[in-house]
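Architecture at a glance
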Amino acid sequence: MFSKDLNGLLDYAQAHGLIEAADRVCCANQLLALLRAPAYDADCPAAEEDLHVLLERLCDYAASQGIIEDSITYRDLLDTALMGALTPRPSQVIAKFRADYAESPVKATDAYYQFSCDTNYIRRDRIAKDLKWQYTGAYGAMDITVNLSKPEKDPKAIAAAKNAPQSGYPKCQLCRESEGYAGRVDFPARQNHRIIPITIDGSDWFLQYSPYVYYNEHCIVFNGQHTPMKIDRSAFAKLLEFVTLFPHYFVGSNADLPIVGGSILSHEHFQGGHYEFAMERAPIEKDVRFAGFEEISAGIVKWPMSMLRLRGADPVRIADLAERILNAWRGYTDEAAFIFAETDGTPHNTITPIARRRGDDYELDLVLRNNITTEEHPLGVYHPHAELHHIKKENIGLIEVMGLAVLPARLKTELEALADGILSGKDLRADPLTEKHADWVEAFLPAYDHVSAETIHGILEAEVGKVFATVLEHAGVFKRDAAGAAAFERFLATV
């Protein structure tokens, strides 16, 4: 079986253009070294299995021989090393990308994305496990996902990481030094990872894909230097320059403050991709004009969060107007609307920006954010409130801002338990899996006349979607009522 699987892996690499026939013997020897195997039968018929099956069986072999601990962390470290032995050098990948880009940006990203999947950097078998559906409500069709693709940390790896010497290399998972890195128990292996150098704002940036793609061609664009996130005119200009280079992609940035920012604030980066979110489809509900920028169309967008959309032909002028709006927002306080620019010297106002092309025009969405906390809302006033934490407690970052819910893995088992409990008439408060959801179910269930095994899952999916829409409304700084609209107008008068 060992030789069959090794030959199967080599066949896979050759069939997907990772290696050529002339590379086969050399690559086989590299795989043998990683698996500490003295030899294999090169003439043995190859196993015809999916890639993840071949890698699982080779990890089984390694575990049986005592080469690795039999846990997800150590298996990931090994199978990435195996794929790294079959992954072309960075210079080859870059040359291919540039040749494809010379023909078209679409060809370049299509091939690079496929390559990132073929090397198993993007683990398609895990991403396929994510739960996904759409909820259509007042703000259009929103995407709902339950993230099951990130592996749970195993206890042995946690203990090993605690006892391991602390390393400052790479400084973070976004650093360019991650390319080809062997990994450790507290840092993922990246031998099969290749990044593409690009120039943005006259400086070195890099393009890669997220290993946990939440949507089609989910890419990450990161600064070559380990420098903190910052929303300013330069950030707007960089986003607009990226969509000049890749007009078929959108790109956005997380905000630069805690609570309303992303999970990594220490390294400047953007996220983009080839996908249309509900936000992009949302219409302008009120036109706005800014003095001195009459050639730029602008307006308030019909969206649960407070958002302005700018559109025009000149990205420099759009960046200029975006800077004016940002500067006005950074210093804006409206006590009647509970908007405070700062408290005790701590700034609260920032923006989540998203750029895209509309034909020859540029479009920049500016989502107003505020991270103030209170005793009543210790995680944030403009953050999902406590009554929604049974579904979503985590920060609302760029992806959610655009209308794609990334919900915790626990919901898979909890929603299954809820479906069973509702159909069987169980006491939802008596089960730890359903107790936190009991008030929610009691509130929505009377609205449904027919609840059965055929309808219950659709009902729960719809109600989760409604909760997510409310989550985004909570994150909106100006509420979607008459008082909120008036408050929004007061801010715009200061720009």
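Everything here concerns the structure above.
Scope of this entry: the structure provided in the associated data block. What you are looking at is a predicted structure, and each value in this text was computed from that prediction instead of being measured. (Residues numbered from 1 in each chain as written. Predicted model: local features only at pLDDT ≥ 70, side-chain atom pairs only at ≥ 80, totals over all residues. Heavy atoms only, no water.)

Let's talk about the overall build of the protein chain
- Within the protein chain one finds 16 helices and 15 strands.
- Against the globule reference of 23 Å for 495 residues, the protein chain gives a C-alpha radius of gyration of 25 Å, in line with a compact fold.
- Across its three principal axes, the protein chain shows a C-alpha extent of roughly 75 × 60 × 45 Å.
- Within the protein chain, the proportion of its 495 residues that are buried is 54%.
- Sequence-distant contacts, at least 24 apart, represent 63% of the contacts inside the protein chain between residues at least 6 apart.
- For the protein chain, the accessible area works out to roughly 21,600 Å², and carbon and sulfur atoms hold 51% of it. (Helix = DSSP H or I, 4+ residues; strand = E, 2+ residues; numbered from the N terminus. Rg over C-alpha atoms; globule rule 2.2 N^0.38 Å. Buried < 20%, exposed > 50% of the residue type's maximum accessible area, 1.4 Å probe, protein only. Contact = heavy atoms within 4.5 Å. Areas by Shrake-Rupley, 256 points an atom, 1.4 Å probe, with all protein chains shown as cover.)

Some details on the packing of helix α1 (residues 2-15) against helix α3 (residues 51-64)
- Their axes nearest at 10 Å, the elements α1 and α3 cross at an angle of 140°. For the element pair α1 / α3, the angle class is oblique. Considering how the two elements wind past one another, α1 and α3 form a crossing that is left-handed. On α3, the residues that touch Phe 2, Asp 5, Leu 6, Gly 8, Leu 9 and Tyr 12 of α1 are Leu 51, Leu 54, Leu 55, Arg 57, Leu 58 and Tyr 61.
- For the contact of α1 with α3, the class distribution of residues is 9 nonpolar, 1 polar and 2 charged. (Axes fitted to C-alpha atoms, helices over the stretch in contact; angles between N-to-C directions. Parallel < 35°, antiparallel > 145°, perpendicular 65-115°, else oblique. Left-handed = near helix turned anticlockwise from the far one by under 90°. Nonpolar A, V, L, I, M, F, W, Y, C, P; charged D, E, K, R; others polar.)

Quick look at the packing of helix α5 (residues 90-103) against helix α6 (residues 105-118)
- Here α5 crosses α6 at 150°, and the two axes come no closer than 6 Å. As judged from the angle between their axes, α5 and α6 are roughly antiparallel. Residues Val 93, Lys 96, Phe 97, Asp 100, Tyr 101 and Glu 103 of α5 form the contact with α6, whose participating residues are Pro 105, Lys 107, Ala 108, Thr 109, Ala 111, Tyr 112 and Phe 115.
- Broken down by class, the residue content of the contact of α5 with α6 amounts to 8 nonpolar, 1 polar and 4 charged.

Observations concerning the sheet that holds strand β2 (residues 140-146)
- Reading across from one edge, β1-β2-β15 is the order of the 3 strands in this open sheet, with mixed pairing throughout. If you trace the sheet from one side to the other, it starts and ends with β1 (131-137) and β15 (404-407), each paired once. When the angles between neighbouring strand axes are averaged without regard to direction, this sheet yields 20°.
- Here β2 runs beside β15; their pairing, made up of 4 bridges, is parallel. (Pairing = 2+ DSSP bridges.)

Side note on the nonpolar core
- Judged by nonpolar contacts, the single largest core of 94 residues is most densely connected at Leu 207, Val 221, Phe 242, Phe 290, Leu 310, Phe 478 and Phe 491.
- Sorting elements by how many residues they give to this core places helix α11 (residues 315-330) first, with 8 residues.
- Counting residues in hydrophobic clusters, the runner-up holds 50 residues, among them Phe 277, Leu 398, Val 471 and Leu 472. (Core = buried A, V, L, I, M, F, W, Y, C linked by side-chain atoms within 4.5 Å.)

Describing the environment of Asp 361
- Within the fold, Asp 361 resides in strand β14 (residues 361-370).
- Of the residues examined, Asp 361 reaches a relative accessible area of 24% and is grouped as partly exposed.
- Taking the C-alpha atoms as reference points, Asp 361 and Ala 336, 25 residues apart in sequence, are found 37 Å from one another.
- In this structure Asp 361 touches Arg 311, Gly 312, Ala 313 and Arg 356, once residues within four positions along its chain are discounted.

Focus: α6
- When the terminal C-alpha atoms of α6 are compared, their 20 Å separation across 14 residues agrees well with the 20 Å that a helix rising 1.5 Å per residue should span.
- Of the residues flanking the end of α6, it is Asn 120, one or two places downstream, whose phi is positive at about 70°. (Expected span 1.5 Å × (residues − 1).)

A few points about the packing of aromatic side chains
- Taken as a whole and assessed by the stated rule, the structure comprises 27 aromatic pairs.
- Their ring planes at 80° and their centres at 5.0 Å tell us that Tyr 113 and Tyr 209 sit as a pair that is edge-to-face. Taken together, the residues span a long stretch of sequence, with Tyr 113 in helix α6 and Tyr 209 in strand β4 (residues 203-209) at a distance of 96 residues.
- With a centroid separation of 5.9 Å and an interplanar angle of 75°, the aromatic rings of Tyr 169 and Tyr 181 are classed as edge-to-face. Residue Tyr 169 is found in the loop between α8 (155-163) and β3 (196-200), and its partner Tyr 181 is found in the loop between α8 and β3; the two are separated by 12 residues along the sequence.
- Judged by relative accessible area, Tyr 169 falls into the partly exposed class, the value being 46%.
- A relative accessible area of 17% places Tyr 181 in the buried class. (Phe/Tyr/Trp six-rings, centres within 6.5 Å; stacked < 30°, edge-to-face > 60°.)

What about the sheet that holds β3?
- Reading across the sheet, the 10 strands line up as β3-β4-β5-β7-β6-β13-β14-β10-β9-β8 and stay open at both edges, with antiparallel pairing between neighbours. At either end of the open sheet lies a strand with only one pairing partner, and these are β3 and β8 (284-288). Neighbour-to-neighbour, the strand axes of the sheet open up by a mean angle of 25°, direction not taken into account.
- Bridge count between strand β9 (residues 297-301) and strand β10 (residues 307-312): 4 bridges; the pairing is antiparallel. Across the sheet, Ser 297 pairs through a bridge with Arg 311, a residue of β10.

Things to note about the pairing of β2
- The buried count for β2 comes to 6 of 7 residues, which makes it a mostly enclosed element.
- Across 7 bridges, β1 lies against β2 in antiparallel orientation. Bridge pairing in β2 places Thr 136 opposite Ala 141.
- The hairpin formed by β1 and β2 contains 2 residues between the paired strands.

Considering the state of the cysteines
- Applying the stated criterion to the full structure yields 0 disulfides.
- Not part of a disulfide, Cys 27 finds its nearest cysteine sulfur in Cys 26, a span of 5.5 Å.
- On the basis of relative accessible area, Cys 27 is assigned to the buried category, the value being 7%. (Disulfide = S-S within 2.5 Å.)

Quick word on the pattern of salt bridges
- A full pass over the atoms with the stated rule returns 37 salt bridges.
- With its nearest N and O atoms 2.9 Å apart, the salt bridge here joins Glu 363 to Arg 358.
- Since its relative accessible area comes to 3%, Glu 363 is described here as buried.
- Arg 358 gets classed as partly exposed once you look at its relative accessible area, which sits at 25%.
- Lys 436 is paired through a salt bridge with Glu 414; the nearest N and O atoms lie 3.1 Å apart. Of this pair, Lys 436 sits in the loop between α13 (410-424) and α14 (438-444) while Glu 414 sits in helix α13; the two residues are 22 residues apart in sequence, bridging distant segments of the chain.
- Residues joined in a network through salt bridges with shared partners are Glu 280, Arg 309, Arg 356, Arg 358, Glu 363 and Asp 365. (Salt bridge = Lys/Arg side-chain N within 4 Å of Asp/Glu carboxyl O.)

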